[in-house]
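Fold and contact review
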Amino acid sequence: MLIDGKGISQKRLAALRADIAESGLTPCLATVIVGNDPASQMYVRMKHKACQDVGVTSVGVELGEDVSTEEVVAAVARLNDDPAVHGILVQLPLPGHIDTEAVIEAVSPAKDVDGFHPENIGALFSGRPRFVPCTPGGIMTLLAEYAIPTSGASAVVLGRSVDVGRPMAALLINADATVTVCHSRTRNLEDEIRKADILVSAIGKARFVTKEMVRPGAVVIDVGINYDEDGKLCGDVDFDGVAEVASAITPVPGGVGPMTIATLMENTFAAAKRQIC
Ligand SMILES: NC(=O)c1ccc[n+]([C@@H]2O[C@H](COP(=O)([O-])OP(=O)(O)OC[C@H]3O[C@@H](n4cnc5c(N)ncnc54)[C@H](OP(=O)(O)O)[C@@H]3O)[C@@H](O)[C@H]2O)c1
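Nothing here was measured: the structure is a model prediction, and the numbers come from that model.

1. Regarding the overall build of the chain
- Counting its secondary structure elements, the chain contains 10 helices and 10 strands.
- The globule rule puts the C-alpha radius of gyration for 277 residues at 19 Å, and the 19 Å found for the chain is close to it.
- The C-alpha extent of the chain, read off along each of the three principal axes, is 50 × 45 × 35 Å.
- The 277 residues of the chain split such that 44% are buried.

This is the structure:
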């Protein structure tokens, strides 16, 4: 079974558009981008476009490559203080000289629609999530939409990043899965992967996960966005081979990516409701 993230995201965004219209609220997302990285600029444009499609207003703060951490923190503080802004997204990665942690911690937890603030990460890990990071949040939505059972399932998460691997593990624990988190120091990685009923790969290595590593019948969720030697976009999973043994699998593109943006929009509406209502 192909897990159609694009289709599900369109369905969720249409429902959200209706909910926002019915609420009479005008949620507002502010994005902050530092420097001229083309990929970051493209992601920010996609987020503004999604806002427009669902009835969320958006403002963009663009800062030069050579700003200081203090200047980025000050820009975030102005957005925290602006009652017309309900959600704040700082596009990552920031240039190397910026203290990313300081910037993330500067975002008001009430407006932290990316869910990266330590207070929101802590709430998630304590089993009482408020804002859930958008990529793992979108993956949980996909599992729910396809009625894939998590309770008691053996889930393996490849990658332990703060934006994907760790919150993914927390969400799966909260959903009663038995979770193993693997990373670059994991011993016998293939044996660990083979234990998965649900495999989520977020390592950023083109077609790393092959058919031989996957337990027949497993559900395979591919977060990776990579380019192979021919410059072709691909995930962490060797899709053609793994699709032969998996019971369900996400494609790249058209799987997890669109769900990330849909979840950002849902988080922004939730933030607006909490702040206004
Ligand atoms: N679709 C989306 O919306 C979306 C959103 C976010 C990210 N992504 C994509 O997802 C991928 C991961 O992103 P990220 O931000 O989590 O990356 P990251 O911060 O670079 O983390 C990668 C993780 O993978 C682990 N890893 C790397 N090579 C490994 C190997 N050979 N075996 C086992 N573990 C290995 C690393 O282990 P160590 O911790 O030991 O270094 C690290 O924990 C990237 O391709 C990114 O573009 C997609």
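Having put the structure on the table, let's press on.
2. Focus: the sheet that holds strand β2 (residues 57-63)
- Strand order in the open sheet formed by three strands is β2-β1-β3, and the pairing between neighbours is parallel. Both outer strands of the open sheet, β2 and β3 (87-90), are each paired with one neighbouring strand and no more. Within the sheet, the average angular offset between the axes of one strand and its neighbour, ignoring direction, is 20°.
- The pairing of strand β1 (residues 28-34) with β2 spans seven bridges and is classified as parallel. Opposite Leu29, over in β2, you have Ser58 as the bridge partner.
- Helix-sheet contacts for helix α2 (residues 38-54) involve β1, β2 and β3, and the interaxial angle to β1 is about 170°.

3. Overview of the packing of helix α6 (residues 134-145) against helix α10 (residues 256-276)
- At their nearest, the axes of α6 and α10 sit 7 Å apart, and the two run at 105° to each other. Here α6 is positioned roughly perpendicular relative to α10, judged by the angle of their axes. Taken together, the residues of α10 that come into contact with α6 (itself represented by Cys134, Thr135, Gly137, Gly138, Ile139, Thr141 and Leu142) are Val256, Met259, Thr260, Ala262, Thr263, Leu264 and Asn267.
- Residue composition of the contact of α6 with α10, by class: seven nonpolar, seven polar and no charged.

4. Looking at the site of the ligand
- Close to the ligand lie 25 residues; Gly159, Ser161, Ser184, Gly204 and Thr260 are nearest.
- Considering each element in turn, the shell around the ligand owes the most residues, three residues, to α10.
- Class assignment for the residues of the shell around the ligand results in nine nonpolar, 12 polar and four charged.

5. As for the sheet that holds strand β7 (residues 219-222)
- Spatial ordering of the open sheet is given by β5-β4-β6-β7-β10, a layout of five strands whose pairing is parallel. Looking at the sheet topology across the chains shown, the edges are occupied by β5 (178-182) and β10 (248-249).
- As paired elements, strand β4 (residues 154-158) and β5 share five bridges and run parallel to each other. Bridge assignment links Ser154 to a residue of β5, and that residue is Thr178.
- Packed on one face of the sheet, helix α7 (residues 165-174) meets β4, β5 and β6 (198-201) and runs near 170° to β5.

6. Focus: α7
- Judged by how many residues are buried, α7 sits mostly within the fold: eight of 10 residues are covered.
- For α7, every residue scored as buried is listed here: Gly165, Arg166, Pro167, Met168, Ala169, Ala170, Leu171 and Leu172.
- Downstream of α7 by one or two residues, Asp176 has phi in the positive range, about 70°.

7. Observations concerning the domain arrangement of the chain
- Each domain of the chain was delimited in the assignment, giving domain 1 (23-108) and domain 2 (134-256).
- Once you take the C-alpha centre of each, domain 1 and domain 2 turn out to be 29 Å apart.

8. Section: the pairing of β4
- Most of β4 sits out of view: four of its five residues are buried.
- Remark: the β4/α7/β5 crossover connection has right-handed handedness.

9. A word on the environment of Val209
- Looking at where Val209 falls in the secondary structure, it is placed in the loop between β6 and β7.
- Using a count of 25 C-beta atoms within 10 Å as the deciding quantity, one classes Val209 as buried.
- Residues within four places of Val209 in sequence aside, it is in contact with Ile193, Ser201, Val214, Asp236, Val237, Asp238 and Val242.

So, how was this worked out
- Residues numbered from 1 in each chain as written.
- Predicted model: local features only at pLDDT ≥ 70, side-chain atom pairs only at ≥ 80, totals over all residues.
- Helix = DSSP H or I, 4+ residues; strand = E, 2+ residues; numbered from the N terminus.
- Rg over C-alpha atoms; globule rule 2.2 N^0.38 Å.
- Buried ≥ 20, exposed ≤ 12 C-beta atoms within 10 Å, placed from the backbone.
- Pairing = 2+ DSSP bridges.
- Axes fitted to C-alpha atoms, helices over the stretch in contact; angles between N-to-C directions.
- Contact = placed C-beta atoms within 7 Å.
- Parallel < 35°, antiparallel > 145°, perpendicular 65-115°, else oblique.
- Nonpolar A, V, L, I, M, F, W, Y, C, P; charged D, E, K, R; others polar.
- Near = placed C-beta within 6 Å.
- Domains from an automatic or database assignment.
- Right-handed = clockwise from strand over helix to strand, strands pointing away.

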